[in-house]
Amino acid sequence: MEKLALFGGKPVRKKFLVFGAPDIREKEIEEVVKTLKSGWLSTGPRVARFEEDFKNYIGCKYAITLNSCTAGLHLALEIARIGKGDKVITSPLTFASTANVIIHQGATPVFIDVEKETGNIDPNKIQDYLKLRTPNSELRTRLKAIIPVHLYGRPCRMDEIMKIAKENSLFVIEDAAHAVEARYKNKKIGNIGHLTAFSFYATKNVVTGEGGMLTTNNDEWAKKLRVLRLHGLSKDAWKRYSQEGFTPYDILYPGYKYNMMDIQAALGIHQLKRVEENLKMREKYFRLYNQAFAKIPEIETPIEEKNIRHARHLYTILLKLERLKCDRNQFAVALQAENIGIGIHFLALHLSSYYKKRFGYKRGDFPNAEYISDRTISLSLSTKLTEEDINDVMDAVRKVIRHYKR
Ligand SMILES: *Cc1c(COP(=O)(O)O)cnc(C)c1O
């Protein structure tokens, strides 16, 4: 039996449009096959090449591959010696792992509300929070870092954030999971804060399936990070099975199993080659969505800013709920029934069970994050989509609006 749309009749699309489908081409597939035939599957020459290419793309001194962005955020906290009893400022409007890793280290996340217009952490609100400090307060000694999240690919106000960090001796660890191509005032993201973590998860702008990268300009940290990501094994441990001869290894730290495989890097090398070309395509789709929705009074579209380069990772709309007879979740269900896959980025973290229970957060604590969290819907921006697919998404949104508008 044919599936019916929520409001009866045929769905806008016959076949379900997957949200954020990875765009894997022949080059990647050939490289993976070559890797498999080479016999070197785990961390090896392709990982080294991917790191070199990525470092050159960002223009930073060091790029260290990892098996995820989460691992990168975790190692960044570890290398900055953030641990038990420490506090780290971050955004409540992010993926769980940004704050989870703070807890893994025994530290406490301190959420600061976002700007309503951008969804990025508000530097003025960080300042307000810092003013609460008294000379002897725990805040003075225990606050160690800020993790800004470049939400949807839009860079945070890094000048202000770096200034606050400098004045208060804080580390800046950037969550750039969405922001491989992003620039802030002509400075590449990945070359501004002390450490920056990128994600190559299946839906991200550069895809290795699972994977991540940590960039830094600190020589000592880079050396130690390479050791920490692979059990704490001494120098270039991956060479220990190569022809370069037998080198006995030592354990320098109780490290982690966070290394990337050559099979993953094989994908990354070719994905990175197309990164700018893909961005152009997503910029176009972003513009098309914006044009289509600008005239719809029930929808708020993303703002455009000068002096930044948005990485166009996610295209999100905000529903003006006061003009609609539904909530966001009902809207999302209706789009899915039209065979249009969508995403929600993100549900405010402070309202999730664990963070509520553990830290006593409640609704009303971060009004801007909650405003976005209640209203946001992400529409697919994948380069796998054709303009026809984009038109289907627009048609489905218009159809659902027609049905639910007041
Ligand atoms: C995807 C994502 C992460 C985690 O990336 P992984 O590579 O899956 O660990 C972290 N932060 C944000 C904002 C993300 O969207």
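What comes next is a walk through the structure.

About the cut-offs
Residues numbered from 1 in each chain as written. Predicted model: local features only at pLDDT ≥ 70, side-chain atom pairs only at ≥ 80, totals over all residues. Heavy atoms only, no water. 1 Å grid on protein atoms, 1.4 Å probe; cavity = no way out; pocket = protein on both sides within 12 Å on 5 of 7 lines; lining within 4 Å. Points joined across faces, edges and corners; volume = space filled by probe spheres on them. Nonpolar A, V, L, I, M, F, W, Y, C, P; charged D, E, K, R; others polar. Helix = DSSP H or I, 4+ residues; strand = E, 2+ residues; numbered from the N terminus. Axes fitted to C-alpha atoms, helices over the stretch in contact; angles between N-to-C directions. Parallel < 35°, antiparallel > 145°, perpendicular 65-115°, else oblique. Left-handed = near helix turned anticlockwise from the far one by under 90°. Contact = heavy atoms within 4.5 Å. Salt bridge = Lys/Arg side-chain N within 4 Å of Asp/Glu carboxyl O. Buried < 20%, exposed > 50% of the residue type's maximum accessible area, 1.4 Å probe, protein only.

## Topic: the layout of surface pockets
Point 1. Roughly 590 Å³ of volume is contained in the largest pocket.
Point 2. His178, Tyr201, Thr203, Lys204 and His313 are the residues nearest the centre of the largest pocket, which is lined by 35 residues in total.
Point 3. Broken down by class, the residue content of the lining of the largest pocket amounts to twelve nonpolar, 18 polar and five charged.
Point 4. In this structure, the second largest pocket spans a volume of roughly 260 Å³.
Point 5. For the second largest pocket, the lining is made up of 19 residues, of which Lys116, Glu117, Thr301, Pro302 and Leu318 are closest to its centre.
Point 6. Looking at which element gives the most residues to the lining of the second largest pocket, the answer is strand 12 (residues 315–319), with three residues.

## As for the packing of helix 1 (residues 26–38) against helix 9 (residues 262–273)
Point 1. As a packed pair, helix 1 and helix 9 sit with axes 8 Å apart at the nearest point and diverge in direction by 150°. In terms of axis orientation, helix 1 runs roughly antiparallel to helix 9. Relative to helix 9, helix 1 is oriented so that their crossing is right-handed. Where helix 1 approaches helix 9, its residues Lys27, Glu28, Glu31, Val32, Thr35 and Leu36 are matched on the opposing element by Asp262, Ile263, Ala266, Leu267, His270 and Gln271.

## So, the pattern of salt bridges
Point 1. For the coordinates displayed, the defined rule picks out 27 salt bridges.
Point 2. Between Arg25 and Asp23 there is a salt bridge; the shortest N-O distance is 2.9 Å.
Point 3. Overall, the relative accessible area of 30% leaves Arg25 in the partly exposed class.
Point 4. A salt bridge links Arg157 to Glu115; its shortest N-O distance comes to 2.6 Å. One end of the pair, Arg157, is in the loop between strand 4 (143–147) and helix 7 (158–167); the other, Glu115, is in the loop between strand 3 (108–111) and helix 5 (123–131), with 42 residues separating them in the sequence.
Point 5. Using a relative accessible area of 28% as the deciding quantity, one classes Arg157 as partly exposed.
Point 6. Within this structure, Glu115, Arg154, Arg157 and Glu305 form a network of salt bridges that share partners.

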